[in-house]
Amino acid sequence: NYIDNFVLNGYYTLDLLLMQMLSKQPLTEENLQFDLKIEKIGYRARIINKLKEDAIKYKERMIKTYGRRKRGNLSTVSTLVFEKKDYGASCQCIII
């Protein structure tokens, strides 16, 4: 059961994983292998592919919910902001 490995590494919810996949530093196969201790390459590939697929759907839901702001000719949505607090890390998704 790999859920415990995710939780022990700070991924408490699916939203956190999906936001990570949309960030500049998405979860990689190497993260799964070395940090989350998922040894089987097939499992890693399926997890990464599913997270990428779900992240796209998550982003589309965010656009529908929060809209899209235009910056120049580019439309952008969703950037992760991590803030370090005394009590741990908090994460919030903002629209740029």
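Residues numbered from 1 in each chain as written. Predicted model: local features only at pLDDT ≥ 70, side-chain atom pairs only at ≥ 80, totals over all residues. Heavy atoms only, no water.

Talk me through the pattern of salt bridges; I want residue IDs and the actual numbers.
Taken as a whole, this structure holds four salt bridges when the rule is applied. As a salt-bridge pair, Glu-53 and Lys-50 come within 3.6 Å of each other at their nearest N and O atoms. Highlighted residues: Glu-53 and Lys-50, both in helix α4 (residues 41-66), separated by three residues, approximately one helical turn. By relative accessible area, Lys-50 is classed as partly exposed at 42%. For Lys-57, the salt bridge goes to Glu-53, with nearest N and O atoms at 3.5 Å. With Lys-57 and Glu-53 both in helix α4 and four residues apart, the pair spans about one turn of that helix. Judged by its relative accessible area of 42%, Lys-57 is partly exposed. Counted as one network, the salt bridges with shared partners bring together Lys-50, Glu-53, Asp-54 and Lys-57. (Salt bridge = Lys/Arg side-chain N within 4 Å of Asp/Glu carboxyl O. Helix = DSSP H or I, 4+ residues; strand = E, 2+ residues; numbered from the N terminus. Buried < 20%, exposed > 50% of the residue type's maximum accessible area, 1.4 Å probe, protein only.)

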